[in-house]
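# Per-entry structural report
Here is how the chains run, residue by residue.
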Amino acid sequence: MATVDLSSNGEIATLTLNNPGKLNAIDLAMWQQLADHFARLAVDPGVRCIVIRGAGHEAFAAGGDLEEFVTARATLEQALHYHGKVASALNAIADCPHPTVALIEGACIGGGLEIAGVCDLRICNESARFGAPINKLGFSMYPGEMEGLLKLAGAAVIKEILLEGRILSAREAYEKGLVTRVVPDVQVEDEAYATARRICNGAPLVAGWHKQWIRRLLDGAPLSDAEKAASFAFLDTEDYCEGLAAFLEKRKPVFKAC
Amino acid sequence: MATVDLSSNGEIATLTLNNPGKLNAIDLAMWQQLADHFARLAVDPGVRCIVIRGAGHEAFAAGGDLEEFVTARATLEQALHYHGKVASALNAIADCPHPTVALIEGACIGGGLEIAGVCDLRICNESARFGAPINKLGFSMYPGEMEGLLKLAGAAVIKEILLEGRILSAREAYEKGLVTRVVPDVQVEDEAYATARRICNGAPLVAGWHKQWIRRLLDGAPLSDAEKAASFAFLDTEDYCEGLAAFLEKRKPVFKAC
Amino acid sequence: MATVDLSSNGEIATLTLNNPGKLNAIDLAMWQQLADHFARLAVDPGVRCIVIRGAGHEAFAAGGDLEEFVTARATLEQALHYHGKVASALNAIADCPHPTVALIEGACIGGGLEIAGVCDLRICNESARFGAPINKLGFSMYPGEMEGLLKLAGAAVIKEILLEGRILSAREAYEKGLVTRVVPDVQVEDEAYATARRICNGAPLVAGWHKQWIRRLLDGAPLSDAEKAASFAFLDTEDYCEGLAAFLEKRKPVFKAC
């Protein structure tokens with residue numbers, strides 16, 4: 001059965017896209033589960049980083065579940081419902097206050113690429129490959145789902161992927177800004193979780209603020225005086241005192257998210 | 001005589017910038033011909049992809065025709081007329097519903113770079129070089145023509161090109177997002193037309209929709225409900241049925257643009 | 001004592017960030033001096049290019065002066081004052097009519113990265129490294145200072161730097177669009193000043209116009225008819241006549257900024 005599985009290791013939560021025999025293709029129930037998991041994780045104070053990965057080592061996710069399209073996305077009403085669920089999941093990932101890391105092995109296609117694209121960091125292995133060759137399937141990407149990819153890699157790269165239907169190697173995906181880092185196949189799990197631990201070693205409130213202000217700046221509107229003042233919220237935290245003190249005393253800081 | 005020549009091979013139309021002895025420098029008549037060709041090709045249902053290239057193997061286009069500037073771009077009135085024609089040509093390329101591929105060999109400078117920059121994909125050879133060293137000619141790039149390059153490669157790259165007057169190698173141009181792919185000199189023609197064929201193998205309506213929605217998203221305004229519904233136009237096409245059926249039957253789809 | 005030192009060589013002015021024993025960490029007085037120097041250089045008609053570098057070869061600048069934070073950035077009022085000064089300096093660099101080149105050796109961290117990020121070009125050595133690991137210090141980057149970095153390298157790169165606290169090598173910084181060029185350690189000074197001379201060899205008014213129109217286009221608003229006409233100001237300059245004449249006579253132009 002197709003599921004999105006949650007596991008935890010200390011402050012790091014892992015969500016695993018799991019659709020056996022289908023390269024973790026994402027069906028409607030999985031989009032719903034993704035959104036539900038993120039709704040819960042977003043308000044869980046014990047979580048400091050979320051890793052998203054595929055089950056097994058062959059695929060992050062090979063796209064949407066195309067067999068389901070025939071029955072569950074055949075009419076305009078169904079399509080609006082279906083892609084509304086996809087949007088809820090992608091927005092929940094993009095807006096999550098906790099940093100997110102996509103651990104990508106093998107096929108990262110279509111909906112899989114959309115999920116990876118809205119994570120904060122993308123660590124992939126050398127066998128990873130990226131694309132959305134839906135021009136051969138006769139349908140266009142939902143514009144709302146294109147948005148995250150356009151922000152990440154720009155129109156020229158997305159046109160290569162969508163017009164040519166090109167599958168990019170890990171190296172090309174890196175060169176074109178689609179991924180943060182490429183590592184040898186046997187190291188990708190280690191590197192992704194090392195990245196998650198480096199995130200956890202920082203002050204958690206600071207991570208949340210950085211995500212918040214980056215999102216805010218992408219709006220384009222100038223910051224108000226109230227927002228400028230709000231950006232110094234760290235001044236009243238114990239973690240700021242701890243961070244400066246640890247630096248000046250040349251020791252490792254211990255942050256408490258307060 | 002300087003011309004832009006049209007030839008066709010099945011669904012692929014080729015426009016060749018041709019100014020013998022001048023490295024295909026583009027004069028006013030050629031800008032006009034480019035716009036005229038695109039006006040006709042845009043509404044030609046037999047066309048699925050347009051390749052733009054330079055005549056010979058030494059240059060895509062080495063810039064504007066500077067000798068002509070002395071007489072035909074000497075006054076403000078002339079300059080507004082001249083660059084109005086350039087804008088018409090560049091907009092016609094950028095807005096063309098059919099995908100466009102720039103096949104770039106050798107010099108891709110000034111106006112040549114502007115043309116390549118508004119194509120959807122750019123396939124260049126290792127001998128290609130890119131720039132606009134007009135700081136040494138004493139004039140600035142028309143802002144309307146800068147826009148496409150800024151969207152493609154960002155302000156830092158355009159500043160390097162315009163302030164330093166730097167000529168970038170094919171490799172650098174790739175690393176900086178100016179081109180889609182670099183291939184050995186002897187393969188560039190094959191690769192550009194293979195790319196065009198890959199585009200033609202996709203559903204033509206899907207290509208048009210992908211171009212349309214990418215352009216629309218770059219506007220920045222949120223999508224209306226009517227637009228969201230319109231983005232599912234594929235549901236009513238034969239090509240969508242064919243695409244899904246071919247996938248599930250593991251055969252190649254045959255698209256009919258309807 | 002911490003200072004920003006000015007020296008000149010013909011048309012090239014050099015500003016040196018100098019904080020001995022602290023890897024040129026930037027304190028409040030230095031931010032003020034940077035702004036003051038730029039206010040004067042901006043209106044100096046003898047200047048055609050400004051190079052910014054760090055004293056010595058170990059660091060461009062290793063960040064803000066953290067010891068000073070304890071006393072000079074402890075309250076909201078102090079923080080608004082402090083980062084108002086930083087903003088004045090960064091805006092003065094970004095808005096300078098003369099082209100700016102960051103010559104980067106070694107550590108380019110925090111405030112150093114912010115300064116480099118608002119220069120027009122960034123030439124670094126292979127030993128350079130880039131980051132802002134302030135997640136371990138318990139404070140967030142001031143959004144106004146994030147803006148220049150977001151424009152330069154995009155949200156994904158800035159998230160890697162701020163959420164993971166990652167220090168990027170020169171190569172990675174180049175691959176991710178943070179720097180213009182990486183050269184071997186022993187060549188970086190030569191290359192940065194050769195770049196400055198290439199800028200000086202172009203028409204100075206053209207450099208100013210290119211900077212002006214790029215900044216204007218990033219606003220996003222369409223150009224007015226008056227702006228379109230203004231973009232042809234070069235037509236009335238001696239330098240445009242000289243540039244075209246020199247090209248047609250195959251000789252080097254001599255520009256006089258008029």
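These figures come from a predicted structure and were not determined experimentally. (Residues numbered from 1 in each chain as written. Chains lettered and ligands numbered in written order. Predicted model: local features only at pLDDT ≥ 70, side-chain atom pairs only at ≥ 80, totals over all residues.)

Let's shift gears to the overall build of chain A. Broken down by element type, chain A carries 10 helices and 10 strands. Against the compact-globule benchmark of 18 Å for 258 residues, chain A has a radius of gyration of 19 Å, which places it among compact chains. Its C-alpha atoms give chain A principal-axis dimensions of roughly 60 × 45 × 35 Å. Counting all 258 residues of chain A, 54% fall into the buried class. Partitioning the contacts of chain A with sequence separation of at least 6, the portion at a separation of at least 24 is 70%. (Helix = DSSP H or I, 4+ residues; strand = E, 2+ residues; numbered from the N terminus. Rg over C-alpha atoms; globule rule 2.2 N^0.38 Å. Buried ≥ 20, exposed ≤ 12 C-beta atoms within 10 Å, placed from the backbone. Contact = placed C-beta atoms within 7 Å.)

Our next topic: the interface of chain A and chain C. Between chain A and chain C, the residue contacts involve 39 residues of the former and 31 residues of the latter. Elements with a minimum of two residues in the side of chain A that touches chain C: helix 5 (143-163), helix 7 (188-201), helix 8 (204-218), helix 9 (225-230) and helix 10 (238-248) of chain A. When residues of the side of chain A that touches chain C are assigned to their parent elements, the largest contribution, 9 residues, is made by helix 8 of chain A. A per-class count over the side of chain A that touches chain C returns 23 nonpolar, 9 polar and 7 charged. (Nonpolar A, V, L, I, M, F, W, Y, C, P; charged D, E, K, R; others polar.)

Take the sheet that holds strand 6 (residues 107-109) of chain B next. Strand pairing in a sheet relies on backbone hydrogen bonds, with the paired strands running either antiparallel or parallel. Residues and elements named next belong to chain B. An order of 4-6-8-9 is seen for the 4 strands of this open sheet, with the pairing classed as mixed. Where the open sheet ends on each side, the last strands, each with one partner, are strand 4 (59-61) and strand 9 (168-169). Where strand 6 and strand 8 (residues 129-131) come together, 3 bridges link them in parallel fashion. Across the sheet, residue Ile109 finds its bridge partner in strand 8, namely Gly131. Across the sheet, helix 4 (residues 111-118) lies against strand 4, strand 6 and strand 8, angled at about 90° from strand 6, the strand it touches most. (Pairing = 2+ DSSP bridges. Axes fitted to C-alpha atoms, helices over the stretch in contact; angles between N-to-C directions.)

In screw terms, the move from chain B to chain A is a rotation of 120° and a rise of 0.0 Å along the axis, fitting with an RMSD of 0.0 Å. The operation mapping one copy onto its partner corresponds to a three-fold rotation axis. Considering only C-alpha atoms, the part of chain B nearest the rotation axis is B:Glu175, at 4.0 Å. (Least-squares fit on C-alpha atoms with pLDDT ≥ 70 in both.)

This paragraph deals with the sheet that holds strand 10 (residues 181-183) of chain B. Residue and element names in this part refer to chain B. The strand order 1-2-3-5-7-10 describes an open sheet built from 6 strands, whose pairing is mixed. Of all the strands in the sheet, just strand 1 (3-9) and strand 10 have a single pairing partner and so form its edges. In this sheet, adjacent strand axes meet at a mean angle of 20° when their direction is disregarded. With 4 bridges connecting them, strand 5 (residues 100-104) and strand 7 (residues 121-125) associate as parallel partners. Residue pairing in the sheet places Ile104 in a bridge with Cys124 of strand 7.

The interface of chain B with chain A comprises 39 residues on the first partner and 31 residues on the second. A total of 9 residues in the side of chain B that touches chain A trace back to one element, the largest contributor, which is helix 8 (residues 204-218) of chain B.

Here we come to the domain arrangement of chain A. All names here are of chain A. Taken domain by domain, chain A holds domain 1 (3-200) and domain 2 (203-248). Here the C-alpha centre of domain 2 lies 28 Å away from the C-alpha centre of domain 1. With 4 residues of domain 1 at the interface, the matching set in domain 2 holds 4 residues. Among the residues making up the side of domain 1 that touches domain 2, the classes are represented as 3 nonpolar, no polar and 1 charged. (Domains from an automatic or database assignment.)

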